[in-house]
Amino acid sequence: MFLDDLTQQFGVSGFEEPIRAFITEFCQSHADEIIKDNIGNLIVIKKGTGKSNRKKIMLSAHMDEIGFAVTDVTEKGFLKVRYMGGISNQVSVCQRIQFRSGTIGVILGGKDKKDDRDFTQLSVDIGATSKEEALAHVQIGEPASYCGEFTPLCGRTVCSKAIDDRIGCYILMRVLAEMETKPYHDTYFVFSVQEELGLRGAKVAVSTCNPDIGVAVDITGSFDTPGAPNGFTKLGSGAAIKVMDGSVVCDDRLVTFLCDYAKANDIPHQREVLARGGTDAGAIHLFNNGVSSCGVSIPTRYGHSPVGTVDMFDVEKHASKLLME
Ligand code: CO
Ligand code: ZN
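Along every chain, residues carry numbers that run from 1 in the direction the sequence is written. Here the convention is simple: chains get letters from A, ligands get numbers from 1, in the order in which they are written. Totals for whole chains, interfaces and linings use all residues, but because this is a predicted model, local features are given only for residues with pLDDT of at least 70 and pairs of side-chain atoms are given and counted only at 80 or more. To get the side-chain values, all heavy atoms of the structure are used, and hydrogens and water are removed first.

Remarks on empty space enclosed by the protein
Both cavities and pockets are sets of points on a 1 Å grid over the protein atoms alone; in a cavity a 1.4 Å probe fits but cannot get out, in a pocket the set is open with protein on both sides within 12 Å along at least five of seven lines, and lining residues sit with an atom within 4 Å of a point. Grid points are joined across faces, edges and corners, and a volume is the space filled by probe spheres set on the points. Taken as a whole, this structure holds 1 cavity of 30 Å³ or more when the rule is applied. If you add up the space inside the largest cavity, you get close to 50 Å³. If you go around the largest cavity, the residues you meet are Glu65, Ile66, Tyr146, Lys161, Ala162, Asp164, Gly303, His304 and Ser305. Residues are sorted three ways: Asp, Glu, Lys and Arg are charged, Ala, Val, Leu, Ile, Met, Phe, Trp, Tyr, Cys and Pro are nonpolar, and all the rest, Gly among them, are polar. Residues that form the lining of the largest cavity fall into these classes: 3 nonpolar, 3 polar and 3 charged.

Right under this line is the structure:
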């Protein structure tokens, strides 16, 4: 399954070259045009055939993943790091991370729950015994991602690092590859950069696409594990149709359209409200005079971790819905 390869490509926010190359290669034979903009977004265009009222639809999934970057090295050869995106210390301690250079390190420190977001407590041990030895392997600013191999669990459930948002990239790639006829509307498949640092890529991509409709394809919460906070979406109940999240209130007409379409076609779906966290739709809908936007999300357990977990049932039932747009 190419989702496996997709999750394992390196792509920490701002350092997306490996994942961008992987996606570009896949899309080449399916696209009418491919643009890489100056910030690194990959925009794959499929021209529409519509004669009247042809619109521009932007589907956006971010290809960047959360991670770390080296800020300093101690005399004894331990690395200090900052977060690239929303990282929890508790989740990170005792995890392996891999630097872009290939160097592997393990994370220590930061077990105090009160300071779960204070990255100054973390150190990374790459096995070096001096500052000089460490700096021979990594440089200041060097990015790293969690190690977390792609692993099938029970049923149709899988877990991996970077499920956020390679699962969205996977869906866009599937939709693109499986389009048998040309779409009615011009369709822009955007693989955006730096979403995890504040939707930075999408802010730029939206001006290149200048869309009439924007759709973010991303992960959302799954509130069905022991001790989970209140929330509606859960694994295995179908793709989620976003009503709102921390960055956007979706266009009510699009939400209704998607829900009605799913009902009429017997597509399992669930309505999504995410109290915190944003998606590319948050950047898209504010562009220019405003862009009618919505989102389709995959419920995910342990999103920002090496073991993000999704049910492929929710994923597969997704593609046809997007196609219809
Ligand atoms: Co995220
Ligand atoms: Zn995401």
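Some words on the pattern of salt bridges
What counts as a salt bridge is simple: a side-chain nitrogen of Lys or Arg found within 4 Å of a carboxyl oxygen of Asp or Glu. In this structure the tally under the stated criterion is 13 salt bridges. Its salt-bridge partner being Glu33, residue Lys47 comes within 3.8 Å of it at the nearest N-O pair. In this pair, Lys47 is assigned in the loop between β2 (42–46) and β3 (56–62) and Glu33 in strand β1 (residues 33–36), connecting sequence segments 14 residues apart. A salt bridge links Lys242 to Glu272; the nearest nitrogen and oxygen atoms lie 2.6 Å apart. Of this pair, Lys242 sits in strand β14 (residues 239–244) while Glu272 sits in strand β15 (residues 269–273), and the two are 30 residues apart along the sequence. No difference in accessibility class separates Lys242 from Glu272, as the two residues are buried. Among the charged side chains, a salt-bridge network with shared partners connects Glu65, Lys161 and Arg166. Here a strand is any run of E in DSSP of at least two residues, a helix any run of H or I of at least four, and the numbering for each starts at the N terminus. We call a residue buried when its accessible area falls under 20% of the maximum for its residue type, exposed when it is over 50%, and partly exposed in between, using a 1.4 Å probe and counting protein chains only.

Section: the coordination of the zinc ion (ligand 2)
Here a donor is any nitrogen, oxygen or sulfur atom (N, O, S) within 2.8 Å of the metal, with 3.2 Å used for Na, K and Ca; water is not among the atoms considered, so some sites may look incomplete. Distances from the zinc ion (ligand 2) to its protein donors, namely His62 (NE2), Asp164 (OD), Asp218 (OD) and Asp218 (OD), fall within the range 1.9 to 2.7 Å. Every angle between 85 and 135 degrees makes a four-donor site tetrahedral, while opposite donors more than 155 degrees apart, with all other angles between 65 and 115, make a four-donor site square planar and a six-donor site octahedral; other sites are irregular. Coordination at the zinc ion (ligand 2) comes from 4 donor atoms whose angles at the metal span 51 to 147°, giving a geometry best classed as irregular. For the zinc ion (ligand 2), the donor residues sit on a single chain with the sequence spacing H-x101-D-x53-D. Taken as a pair, the zinc ion (ligand 2) and the cobalt ion (ligand 1) show a spacing of 3.3 Å, with Asp164 coordinating each metal. Highlighted residues: His62 in strand β3 and Asp164 in helix α5 (residues 163–178), separated in sequence by 102 residues. Take His62 and Asp164: they sit in the same class, and that class is buried.

Digging into the coordination of the cobalt ion (ligand 1)
Looking at the metal site, the cobalt ion (ligand 1) is ligated by Asp164 (OD), Glu196 (OE), Glu196 (OE) and His304 (NE2), spaced 1.8 to 2.6 Å from it. One can describe the donor arrangement at the cobalt ion (ligand 1) as irregular, given that its 4 donor atoms subtend angles of 54 to 143° at the metal. In primary sequence terms, the donor set of the cobalt ion (ligand 1) follows D-x31-E-x107-H. Judged by relative accessible area, which is 6%, Asp164 ranks as buried.

Overview of helix α6 (residues 200–209)
Of all the positions in α6, only Gly201, Ala202, Ala205, Val206 and Cys209 are classed as buried. Down the axis, α6 shows its buried residues gathered within 130° of arc, on one side only. Throughout, a contact is declared for two residues whenever any of their heavy atoms are within 4.5 Å. Each element contacted by the buried residues of α6 is listed here: β2, β3, β12 (186–192) and α8 (280–284). In the segment just after α6, Asn210 is the residue with positive phi, at about 45°. Arc, as used here, means the arc of the directions from the helix axis to the C-beta atoms.

Quick notes on the sheet that holds strand β17 (residues 308–311)
For two strands to be treated as a pair, DSSP must find at least two bridges joining them. On the basis of which strands lie adjacent, the open sheet formed by 3 strands has the order β10-β11-β17 and antiparallel pairing. Because the sheet does not close on itself, it has two edges, and the strands there are β10 (151–152) and β17. Strand direction decides the pairing type here: strand β11 (residues 157–160) and β17, joined by 4 bridges, are antiparallel. In the sheet register, Cys159 faces β17, and the bridge partner there is Thr309.

Focus on unusual backbone geometry
Between Asp164 and the following residue, Asp165, the backbone shows a cis peptide bond with an omega angle of 5°. Tracing the sequence through the fold places Asp165 in helix α5. The backbone of Gln194 shows a phi angle near 55°, a positive value even though the residue is not glycine. You can see Gln194 is positioned in the loop between β12 and α6. Positive phi values are uncommon outside glycine, yet Leu199 reaches one of about 55°.

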